[in-house]
Amino acid sequence: MSDREPGTERVVASRRIYDGRICNLRIDTVELPDGRQAAREIVEHDPVAVIVPVHDNGDVVLVRQFRLAIGRVMLEVPAGVLDPGEDIEAAAQRELQEETGLRARTMTPLGGVYASPGFLTEYMHLFLAEGLEDAPLEPDEDEDIVVRRMPLSQALALIDSGGIVDAKSVCGLLLVARRRA
């Protein structure tokens, strides 16, 4: 163990590889603290609003959708990318409505997490949504989402059993469970 802090890396060159609708990819050449150089592959992704909707009786609302990157249907909390210039809480309300047909009277920030900071810039803002009421918005045209409602205890058991393995969902559900303990 050491009390020493790691040194920082300085970008000496950057090359953009891909610009997409969801993310961009670049390769940065960095100078390490000892003077050597190394390459870093960076995926640029806009911030995300992550919502844990909780009904008055304590039930949580989750969504099931197919995720091509891993080739399977996932059970997750609702989430989505901020539109350019959009307020983070407004984005959370919009995503909640688009994905679940619900609106929250209160949206409480729970903090945030980086999805995978070793290569990805995506920062996820987590919210607890309470005082839920019906208020559907048109879903995104490229999403096929099925809404599920269950007791928080059941969602936590699914984390333990491997039924919920999405990082944003695990973080959000555990943060809500800690608040309610």
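All of these numbers come straight from a predicted model, not from anything done at the bench.

Draft legend 1. Quick peek at the overall build of the protein. Helix and strand counts for the protein come out as 3 helices and 10 strands. Along the first, second and third principal axes, the C-alpha atoms of the protein reach 60 × 45 × 30 Å. Burial status across the protein gives 39% buried among its 181 residues. The long-range share in the protein, meaning contacts at least 24 apart out of those at least 6 apart in sequence, stands at 56%. With an accessible surface of roughly 10,700 Å², the protein has 50% of that area assigned to carbon and sulfur atoms. Taken as two groups, the 20 positive and 32 negative side-chain charges of the protein have centres that lie 4 Å from each other.

Draft legend 2. Representation of the nonpolar core within the structure. V50, V60, L62, A155, I164, L173 and V176 are the most contacted members of the largest nonpolar core, which has 21 residues in total. Only β4 (48–53), β5 (59–67), β9 (123–134), α2 (152–161) and α3 (167–180) provide two or more residues apiece to this core. Ignoring anything within four residues of it in the chain, the contact list for A155 reads V60, L62, M150, I164 and L173. Of all hydrophobic cores here, the second largest spans 13 residues; its members include A91, L96, A129 and L132.

Draft legend 3. Structural context of the environment of A90. Looking at the element boundaries, A90 is found in helix α1 (residues 88–100). When the C-alpha positions of A90 and A49 are compared, they lie 9.2 Å apart, and in sequence the two are 41 residues distant.

Draft legend 4. Here's a closer look at the environment of A181. Residue placement: A181 occurs in the segment after α3. The exposure class of A181 is exposed, given its relative accessible area of 92%. Separated by 51 residues in sequence, A181 and E130 place their C-alpha atoms 16 Å apart.

Draft legend 5. Spotlight on α2. By the burial criterion, the buried members of α2 are L152, A155 and I159. Relative to the axis of α2, the buried residues are bounded by an arc of 60° and lie together on one face. In α2, the exposed residues that point more than 90 degrees away from the buried face are S153, D160 and S161. Looking at the buried positions of α2, the neighbouring elements they touch are β5, β10 (146–151) and α3. G162 occupies a position one or two residues after α2 and carries a positive phi of about 90°.

Draft legend 6. Up close: α1. With 13 residues, α1 ought to run about 18 Å at 1.5 Å a step, and its terminal C-alpha atoms sit 18 Å apart, in line with that. Of all 13 residues in α1, 10 are buried; the element is thus mostly enclosed. Every buried residue of α1 is listed here: A91, A92, Q93, R94, E95, L96, Q97, E98, E99 and T100. On the buried face of α1, the contacting elements are β4, β5, β7 (79–81), β8 (102–114), β9 and β10. Near the N-terminus of α1, the side chain that reaches the backbone nitrogen of E89, with its oxygen 3.0 Å away, is that of D87. Of the residues trailing α1, G101 is marked for its positive phi of about 75°.

Draft legend 7. Just the sheet that holds β10, in detail. Strand order in the open sheet formed by 3 strands is β6-β5-β10, and the pairing between neighbours is antiparallel. The open sheet has two free edges, formed respectively by β6 (72–76) and β10, since each of these has just one partner strand. Going across the sheet, the axis of each strand differs from the next one's by a mean of 30°, ignoring polarity. In this sheet, β6 lies alongside β5 in antiparallel orientation, the contact comprising 5 bridges. Bridge assignment links R67 to a residue of β6, and that residue is R72.

Draft legend 8. Molecular detail of the sheet that holds β7. What the 4 strands build is an open sheet, ordered β7-β4-β9-β8; its pairing is mixed. Two strands bound the open sheet, and with one partner strand each, they are β7 and β8. Put simply, the sheet's adjacent strands are angled 25° from each other on average, direction ignored. Pairing between β4 and β9: 6 bridges, direction parallel. Across the sheet, residue V52 finds its bridge partner in β9, namely L128.

Parameters and conventions
- Position labels on residues start from 1 in each chain and follow its written sequence.
- Two thresholds apply to this predicted model, a pLDDT of at least 70 for residue-level local features and 80 or more for giving and counting side-chain atom pairs, whereas whole-chain, interface and lining totals are computed over all residues.
- Water and hydrogen atoms play no part in the side-chain values, which are based on all heavy atoms of the structure.
- A helix here means a DSSP run of H or I that spans at least four residues, while a strand means a run of E at least two residues long, and both kinds are numbered starting from the N terminus.
- Accessible area is worked out with a 1.4 Å probe on protein chains only. A residue is then buried under 20% of its type maximum, exposed over 50%, and partly exposed in between.
- Contacts: residue pairs with any heavy atoms within 4.5 Å of one another.
- Surface accessibility follows the Shrake-Rupley procedure with a 1.4 Å probe radius. Residue values consider only the protein chains on display as shielding.
- Within this scheme the basic residues Lys and Arg register as positive and the acidic residues Asp and Glu register as negative, but His and the chain ends are omitted.
- Charge positions come from single atoms, namely NZ of Lys, CZ of Arg, CG of Asp or CD of Glu.
- Only buried residues count toward a nonpolar core. Its members are Ala, Val, Leu, Ile, Met, Phe, Trp, Tyr and Cys residues joined through side-chain atoms within 4.5 Å.
- Starting at the helix axis, one direction is taken to each C-beta atom, and the arc is that of these directions.
- For a helix, the expected span equals 1.5 Å multiplied by the residue count minus one.
- Two N or O atoms count as a polar contact when they lie within 3.5 Å, although within protein this holds only if one can serve as hydrogen donor and the other as acceptor, and sequence-adjacent residues are included solely when both atoms are side-chain atoms.
- The criterion for strand pairing is that DSSP finds at least two bridges linking the strands in question.
- For helices, the fitted axis covers only the stretch in contact; all axes are lines through C-alpha atoms, and the angles between them, taken along N-to-C directions, range from 0 to 180 degrees.

Keep in mind these numbers describe shape, not what the thing actually does.
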